[in-house]
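Each chain is listed here by its residues.
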2 protein chains.
Amino acid sequence: MSPGKPEMPAGDCATVRLILDRLGDKWSLYIVGTLEDGPLRFNEIRRRIEGVSQRMLTLNLRSLERDGLVTRTVYPTKPPSVEYELTALGRTLLEPVNGLITWVRKSQPAITQAQKKYDRLQQD
Amino acid sequence: MSPGKPEMPAGDCATVRLILDRLGDKWSLYIVGTLEDGPLRFNEIRRRIEGVSQRMLTLNLRSLERDGLVTRTVYPTKPPSVEYELTALGRTLLEPVNGLITWVRKSQPAITQAQKKYDRLQQD
């Protein structure tokens, strides 16, 4: 296998695994995708990502902030408003993330068809 | 938000979510990446994906087979040998998957640095 191949991470393998494991999580993928258009408040993000719990969104936003992919800005309004925004590093993640999400959307009918066929064969 | 934006899946949202949730899993990402060069036996895949358990690899390969992304071929050797290979549909997943893995590898130093900075600020 040529050293450039991506299937086995180079460098700090365990760290790359940890990052990939979490970014692979669908909520992180959706959060990054949702912030593409610009900064959003917590509740706006939650509204746009159907089915995400307050807890899951909080945990994922904190991880993305810790990773340096998202900034959290508190504005001294009454009540204070908190906005989340992709960093420059976070924006570079948009291309691979949108690529994966777009692939899944495009391939969903074919995958669903394959699953039905597989399940039928299992029953025989 | 324009309808073409990928952050919220179109069509069968729940199904897209299920697929994305599992494909986002790091093991599926690594399996697809590992099969890029051609068919491999179970133990070859396991050797190449450091840290994957027999159970996790079995479950993920079965899901990928059910999705129509991987074929499982049994050869009537003694003992029978089983090979896994990406389908045509599975090969179309290589680009987004490699894109995400490559991004993580490239961004890992910056992310690790951001995490250390974040953790330091939390301690203050």
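Residues numbered from 1 in each chain as written. Chains lettered and ligands numbered in written order. Predicted model: local features only at pLDDT ≥ 70, side-chain atom pairs only at ≥ 80, totals over all residues. Heavy atoms only, no water.

### Re the overall build of chain A
The test is simple: Helix and strand assignments come from DSSP, with helices taken as H or I runs of at least 4 residues and strands as E runs of at least 2, each series counted from the N terminus. Burial status follows relative accessibility: with a 1.4 Å probe on protein chains alone, a residue under 20% of its type maximum counts as buried, one over 50% as exposed, and anything between as partly exposed. By definition, residues are in contact when any of their heavy atoms lie within 4.5 Å. Accessible surface is estimated by sampling points in the Shrake-Rupley manner with a 1.4 Å probe; for residues, cover comes only from the protein chains shown.
Of the regular secondary structure elements, chain A holds six helices and three strands. Along the chain direction, N to C, the helices and strands of chain A fall in the order α-α-β-α-α-β-β-α-α. When each of the 124 residues of chain A is scored for burial, the buried share is 45%. Excluding contacts between residues fewer than 6 apart, the proportion of contacts in chain A whose partners are at least 24 apart in sequence is 45%. Of the roughly 6,500 Å² of accessible surface on chain A, a fraction of 52% belongs to carbon and sulfur atoms.

### Focus on the packing of aromatic side chains
Residue and element names in this part refer to chain A. For clarity, the threshold we go by: When the centres of two rings from Phe, Tyr and Trp lie within 6.5 Å, Trp using its six-membered ring, the rings pair. Their planes under 30 degrees apart give stacked, over 60 give edge-to-face, and anything left gives tilted.
Tallied over the entire structure, the rule returns two aromatic pairs over all chains. Ring centres of Trp27 and Tyr30 lie 6.4 Å apart, and the angle between their planes is 55°; on these two criteria the pair is classed as tilted. Here Trp27 pairs with Tyr30, and both are found in helix H2 (residues 26-34), just three residues apart, close to one helical turn.

### Focus on the packing of helix H2 (residues 26-34) of chain B against helix H6 (residues 94-123) of chain B
Residues and elements named next belong to chain B. Short version of the rule: Angles shown run from 0 to 180 degrees and are taken between the N-to-C directions of axes, each axis being a line fitted to C-alpha atoms and, for helices, limited to the stretch in contact. In this scheme the handedness of a crossing depends on how the near helix is turned from the far one: anticlockwise by less than a right angle means left-handed, clockwise means right-handed. Side-chain classes are defined by residue name, with Ala, Val, Leu, Ile, Met, Phe, Trp, Tyr, Cys and Pro counting as nonpolar, Asp, Glu, Lys and Arg as charged, and the others, Gly among them, as polar.
At a closest axis distance of 10 Å, the pairing of H2 and H6 adopts a crossing angle of 115°. Judged by the sense of rotation from one axis to the other, the crossing of H2 with H6 is left-handed. Where H2 approaches H6, its residues Leu29, Tyr30, Val32 and Gly33 are matched on the opposing element by Leu94, Val97, Asn98, Leu100 and Ile101. Partitioned by chemical class, the residues of the contact of H2 with H6 number seven nonpolar, two polar and no charged.

### Topic: unusual backbone geometry
In this chain, Lys78(A) is followed by Pro79(A) through a cis amide linkage whose omega measures 0°. Mapped onto the secondary structure, Pro79(A) falls in the loop between strand E2 (70-75) and strand E3 (81-86).

### Quick word on H2(B)
Of all nine residues that make up H2(B), nine are buried, and the element is covered over most of its length. All buried positions along H2(B) are accounted for by Lys26(B), Trp27(B), Ser28(B), Leu29(B), Tyr30(B), Ile31(B), Val32(B), Gly33(B) and Thr34(B).

### A closer look at the sheet that holds strand E1 (residues 40-41) of chain B
Within a sheet, adjacent strands bond to each other through the backbone by hydrogen bonds, running parallel or antiparallel. We count it as follows: Only strands that DSSP links by at least two bridges are regarded as paired with each other.
Taken together, the three strands give an open sheet; going across it, the order is E1-E3-E2 (chain B), and neighbouring strands pair in antiparallel fashion. Because the sheet does not close on itself, it has two edges, and the strands there are E1 and strand E2 (70-75) of chain B.

### Quick notes on the packing of helix H6 (residues 94-123) of chain A against helix H4 (residues 54-66) of chain B
Heads up, the rule is: If an angle is under 35 degrees, it is roughly parallel; if it is over 145, roughly antiparallel; if it lies from 65 to 115, roughly perpendicular; otherwise it is oblique.
The contact between H6(A) and H4(B) brings their axes to 8 Å, and the two run at 110°. Our classification of the angle between H6(A) and H4(B) gives roughly perpendicular. Residue-level inspection shows Ile111(A), Ala114(A), Gln115(A), Tyr118(A) and Asp119(A) of H6(A) in contact with H4(B), the latter providing Arg62(B), Glu65(B) and Arg66(B). Taken together, the residues that form the contact of H6(A) with H4(B) break down as three nonpolar, one polar and four charged.

### So, the confidence of the model for chain A
All names here are of chain A. Where we set the bar: Predictor confidence is given residue by residue as pLDDT, running from a minimum of 0 to a maximum of 100.
Per-residue confidence for chain A gives a mean pLDDT of 85, with 86% of residues at or over 70. Counting contacts from residues 1-11, a segment whose pLDDT is below 50, to residues more than four positions away or on other chains yields 26 contacts. Predicted complex metrics record ipTM = 0.79 and pTM = 0.75.

### Observations concerning the sheet that holds strand E1 (residues 40-41) of chain A
Residue and element names in this part refer to chain A. As summarised here, the arrangement of the three strands in space is E1-E3-E2, forming an open sheet in which the pairing is antiparallel. Looking at which strands have only one partner, the edges of the open sheet turn out to be E1 and E2. In this sheet, E3 lies alongside E1 in antiparallel orientation, the contact comprising two bridges. Across the sheet, Leu40 pairs through a bridge with Tyr84, a residue of E3.

### Overview of the environment of Met56(A)
Inspection of the secondary structure assignment puts Met56(A) in helix H4 (residues 54-66). Once the C-alpha coordinates of Met56(A) and Ser28(A) are considered, the two residues, 28 residues apart in sequence, prove to be 9.6 Å apart.

### Side note on the pairing of E2(B)
Regular strands place side chains that alternate from one sheet face to the opposite one. Residues and elements named next belong to chain B. As paired strands, E2 and strand E3 (residues 81-86) are joined by six bridges and run antiparallel to one another. Within the sheet, the bridge partner assigned to Arg72 lies in E3 and is Tyr84. Here E2 hands over to E3 after five residues, the two strands then running antiparallel side by side.

### Thoughts on H4(A)
Residue and element names in this part refer to chain A. Inclusion rule: Helix span, expected: 1.5 Å multiplied by one less than the number of residues in the helix. This arc corresponds to the set of directions leading from the helix axis out to the C-beta atoms.
An ideal rise of 1.5 Å per residue puts 18 Å on 13 residues; H4 measures up with 18 Å between its terminal C-alpha atoms. Residues of H4 that are buried include every one of Leu57, Asn60, Leu61 and Leu64, and no others. All buried residues of H4 project into a common sector of 100° when viewed along the axis, lining one side. At the exit of H4 stands Gly68, carrying a positive phi of roughly 80°.

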